[in-house]
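Report on the structure
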Amino acid sequence: MSDYLVYLVEDEENLSEVLKAYLEKEGWNVKAFHDGDVAREAIVDKPHLWILDIMLPGTDGYQLLKAIKEDADTPVIFISARDQDLDRVLGLEMGSDDYLAKPFLPQELIIRAKKLLNRVYGVSTQEQKKIELNQYTIDPIGRKVVDEEATGETLVDLTTKEMDLILLLTGEIGKAFSREKIIEHVWGENYFGSERAVDDVVRRVRKKMPRVHLETLYGYGYRVLSS
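Residues numbered from 1 in each chain as written. Predicted model: local features only at pLDDT ≥ 70, side-chain atom pairs only at ≥ 80, totals over all residues. Heavy atoms only, no water.

Focus: the layout of surface pockets
Just so we agree on the cut-off: With a 1 Å grid laid over protein atoms only, a set of points is called a cavity when a 1.4 Å probe fits there but cannot get out and a pocket when it is open yet has protein on both sides within 12 Å along at least five of seven lines; lining residues have an atom within 4 Å of a point. Grid points are joined across faces, edges and corners, and a volume is the space filled by probe spheres set on the points. In DSSP terms, a helix is any run of H or I states spanning at least four residues, a strand is any run of E spanning at least two, and both are numbered starting from the N terminus. For this scheme, ten residues count as nonpolar: Ala, Val, Leu, Ile, Met, Phe, Trp, Tyr, Cys and Pro. Four count as charged, namely Asp, Glu, Lys and Arg, and the remainder, Gly too, count as polar.
What the largest pocket holds in volume is close to 600 Å³. Taken together, 26 residues form the lining of the largest pocket, with Ala 72, Tyr 121, Arg 143, Leu 158 and Thr 160 sitting closest to its centre. Breaking the lining of the largest pocket down by element, the ones donating at least two residues are helix 3 (61-71), helix 5 (106-121), strand 8 (144-147) and helix 6 (160-171). Its residues assigned to classes, the lining of the largest pocket comprises twelve nonpolar, six polar and eight charged.

Set out below in structure tokens:
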């Protein structure tokens with residue numbers, strides 16, 4: 001998939017223009033913002049990826065990140081020239097998916113963005129087929145789950161991480177995934193939080209998709225069984 005919608009929030013206009021040009025070379029649709037307040041109004045657009053500077057006029061990057069994650073848990077890359085370790089830890093704790101410290105090469109941002117987009121939205125989605133499981137239809141391409149038992153084929157309301165988890169586990173029915181593997185797939189390699197985050201997401205998925213046999217492998221991880 002090349003037609004991703006990427007929102008770039010950077011108040012240094014020269015840097016913003018350079019980064020926007022590099023991102024657009026990848027075939028992505030890029031919209032740049034130089035003000036946090038204006039960017040906040042665009043959260044309802046639900047782009048595929050946000051790239052946020054921390055220091056912004058109006059709403060700062062932390063506030064913007066919180067608002068984005070509360071709305072749709074859209075992937076976010078944080079960029080900052082301040083205290084690198086502090087910003088990195090705070091950003092990841094608040095839900096950012098990756099972090100880049102200024103100065104950085106634009107190509108490094110492209111590499112990070114590609115990796116994150118592929119992890120969240122999948123690679124070669126044209127080859128992925130819908131999964132039918134216990135009266136749920138799981139669509140990896142559209143990233144949606146339909147409850148066929150509900151009236152009017154109701155969509156199951158899943159967050160980004162819940163969707164990532166169910167796509168991982170149902171992509172290989174019966175295969176056991178360790179908590180470490182789930183964290184790497186759902187949160188990324190830069191995650192520093194507790195493995196209990198996996199259990200929390202599993203709990204929410206079980207509540208939203210009760211007919212899925214999501215089995216706990218104590219001391220290891222989880223797997224989904226066919227029945």
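A short note on the packing of aromatic side chains
What counts here: Aromatic rings from Phe, Tyr and Trp, with only the six-membered ring used for Trp, were paired whenever their centres fell within 6.5 Å, and each pair was classed as stacked if the ring planes differed by under 30 degrees, edge-to-face if by over 60, and tilted otherwise. Three exposure classes are used, based on accessible area relative to the maximum for each residue type with a 1.4 Å probe and protein chains only: buried under 20%, partly exposed in between, and exposed over 50%.
Going through the model one piece at a time under the given rule, you end up with five aromatic pairs. Taking the centre distance of 6.4 Å and the plane angle of 75° together, the rings of Tyr 4 and Trp 28 count as edge-to-face. Taken together, the residues Tyr 4 in the segment before strand 1 (5-9) and Trp 28 in the loop between helix 1 (13-25) and strand 2 (29-33) connect sequence positions 24 residues apart. Owing to a relative accessible area of 6%, Trp 28 belongs among the buried residues under this scheme. Residues Tyr 62 and Phe 78 carry aromatic rings whose centres are separated by 5.6 Å and whose planes lie at 70° to one another, so their mutual orientation is edge-to-face. With a gap of 16 residues between them, Tyr 62 in helix 3 and Phe 78 in strand 4 (residues 76-80) connect regions that are remote in the sequence. On the accessibility criterion, Tyr 62 (14% relative accessible area) is buried. Through successive ring pairs, a cluster of aromatic residues spans Tyr 7, Phe 33 and Trp 50.

So, the pairing of strand 11 (residues 213-217)
Using the following cut-off: We call two strands paired when DSSP finds no fewer than two bridges between them.
Of the pairings in the sheet, the one linking strand 11 to strand 12 (residues 221-225) comprises five bridges and is antiparallel in character. Bridging from a neighbouring strand, Glu 215 pairs with Arg 223 of strand 12. The antiparallel pairing of strand 11 with strand 12 creates a hairpin that spans three residues between the two strands, and Gly 219 there sits at a positive phi of about 80°.

A word on the sheet that holds strand 8
Read across the open sheet, the four strands follow the order 6-7-8-9; overall the sheet is antiparallel. The open sheet has two edge strands, strand 6 (131-133) and strand 9 (154-155), and neither has a second partner. In terms of strand pairing, strand 6 meets strand 7 (residues 136-139) through three bridges, oriented antiparallel. When the sheet's bridge partners are listed, Leu 133 is paired in strand 7 with Tyr 136.

Observations concerning the sheet that holds strand 11
Heads up, the rule is: Should any heavy atoms of two residues lie within 4.5 Å, those residues are counted as being in contact. Every axis corresponds to a line fitted to the C-alpha atoms, with the helix fit spanning only the stretch in contact, and the corresponding angles, defined between N-to-C directions, vary from 0 to 180 degrees.
Pairing within the open sheet is antiparallel, and its three strands lie in the order 10-12-11. Strands with a single pairing partner mark the edges of an open sheet, and in this sheet they are strand 10 (177-178) and strand 11. Sheet topology places strand 10 next to strand 12; two bridges connect them, and they run antiparallel. Across the sheet, Phe 177 pairs through a bridge with Tyr 222, a residue of strand 12. Sheet strands in contact with helix 8 (residues 196-208) are strand 11 and strand 12, and its direction is about 155° off that of strand 11.

So, the side chain of Lys 161
Of note, Lys 161 is situated in helix 6. Each residue touching Lys 161, except ones within four places of it in the same chain, is listed here: Lys 69, Asp 73, Asp 97, Val 186, Trp 187 and Val 201.

Concerning the pairing of strand 4
Short version of the rule: Crossovers are described as right-handed under a simple rule: with the strands pointing away from the observer, the path leading from the first strand over the helix to the second runs clockwise.
For strand 4, a buried count of five out of five residues is recorded, marking the element as mostly surrounded by other parts of the structure. Here strand 4 shows two buried faces, one formed by Val 76, Phe 78 and Ser 80 and the other by Ile 77 and Ile 79. Across four bridges, strand 3 (residues 49-53) lies against strand 4 in parallel orientation. Considered in strand 4, the bridge of Asp 53 is made with Ile 79. Note on the crossover from strand 3 through helix 3 to strand 4: the handedness is right-handed. Two strands pair when backbone bridges link them, and strand 4 and strand 5 (residues 98-101) are joined in this way by four bridges, in the parallel orientation. Residue pairing in the sheet places Ser 80 in a bridge with Ala 101 of strand 5.

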